[in-house]
Amino acid sequence: MNEIILFQAEKGGRFKAKYFYTSLIKDEKVEYCSNVWNKLVIPKHRYTYWKAINNLLLTRNHLIRFICISSSLCPVCEIEEESHDHLFMECIFTKKVVEDIYSWLGFVNWPKTRLDLVDWCSKPSLGLKEKVINTVIASTIYIIWKNRNRCVFDNCCSLVNVVSKEIKFLVKWRILRVITNVKKDDNYIIRVVESW
């Protein structure tokens, strides 16, 4: 073992296991973490958002590798194999939800692949508008995943307008609850959110 690592694990003349462990684990810095873990994103949405970006949700294309399942088709549309790219970007249902979101949010360049989502999230969200769009994307991914699970476990999928209204309600509630100090430039965005 490297003596430098052992010396780095020392603090105040005492060995600290925490420092030793963190020196052994090399964290890869990811640029998208600040957008995923942003305070405007609802906490339980953050976890699903993080897992979706990292391709870690148990979609059927992952499940089929280690358990026997009856079908690898998307449980929502039942047309193509379920994957992260399909469920969150290519599925007919998702496309209709995104179209509905355009009607109340305005045009958003919705990611076409998971890697596009990673690229989008890697850009810093400096203004309130970008943070609101980020929150909408995170909520959309969470609600689509929740709807997918409803389709699998309850055998009933929600309608597009129901999903869109749920996303709109959650985002509006979160933004109006979290944002207290509004800059003069952001008043317009807050008025738009309030009008939802």
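These numbers were taken from a predicted model, which means no experiment stands behind them.

Colleague: Now, about the packing of aromatic side chains: what can you tell me, with residues and values included?
Modeller: As enumerated under the stated definition, the model contains 3 aromatic pairs in all. Where Y32 meets W50, the ring centres are 5.4 Å apart and the plane angle is 50°; that geometry is what we call tilted. Residue Y32 is found in the loop between α2 (17-24) and α3 (33-36), and its partner W50 is found in helix α4 (residues 43-53); the two are separated by 18 residues along the sequence. Take Y32: its relative accessible area is 8%, and that puts it in the buried class.

Colleague: Please provide a residue-by-residue account of the side chain of R60, values included.
Modeller: One can find R60 in helix α5 (residues 60-63). For the buried R60, which has no salt bridge, the nearest side chain bearing the opposite charge is E82, at an N-O separation of 4.2 Å. Within the structure, the side chain of R60 is placed 3.0 Å from the backbone oxygen of L73, a separation counted as a polar contact.

Colleague: Lay out helix α9 (residues 128-153) in plain terms, naming residues and giving numbers.
Modeller: Here α9 is 26 residues long and its end C-alpha atoms lie 37 Å apart, about the 38 Å a rise of 1.5 Å per residue gives. With respect to burial, α9 is a largely interior element, 19 of its 26 residues being buried. N155 sits one or two residues past α9 and shows a positive phi near 55°.

Colleague: Hey, could you go over the side chain of R150 for me, with residue numbers and the actual values?
Modeller: One can find R150 in helix α9. It is E166 that comes nearest to the buried, bridge-free R150 among opposite-charge side chains, at 4.3 Å. Discounting residues that sit within four places of it in the chain, R150 has contacts with N155, C156, S158 and E166.

Calculation notes
Residues numbered from 1 in each chain as written. Predicted model: local features only at pLDDT ≥ 70, side-chain atom pairs only at ≥ 80, totals over all residues. Heavy atoms only, no water. Phe/Tyr/Trp six-rings, centres within 6.5 Å; stacked < 30°, edge-to-face > 60°. Helix = DSSP H or I, 4+ residues; strand = E, 2+ residues; numbered from the N terminus. Buried < 20%, exposed > 50% of the residue type's maximum accessible area, 1.4 Å probe, protein only. Lys, Arg positive; Asp, Glu negative; His and termini not counted. Salt bridge = Lys/Arg side-chain N within 4 Å of Asp/Glu carboxyl O. Polar contact = N/O pair within 3.5 Å; in protein donor to acceptor, adjacent residues only side chain to side chain. Expected span 1.5 Å × (residues − 1). Contact = heavy atoms within 4.5 Å.

Read these as geometric descriptors, not functional statements.
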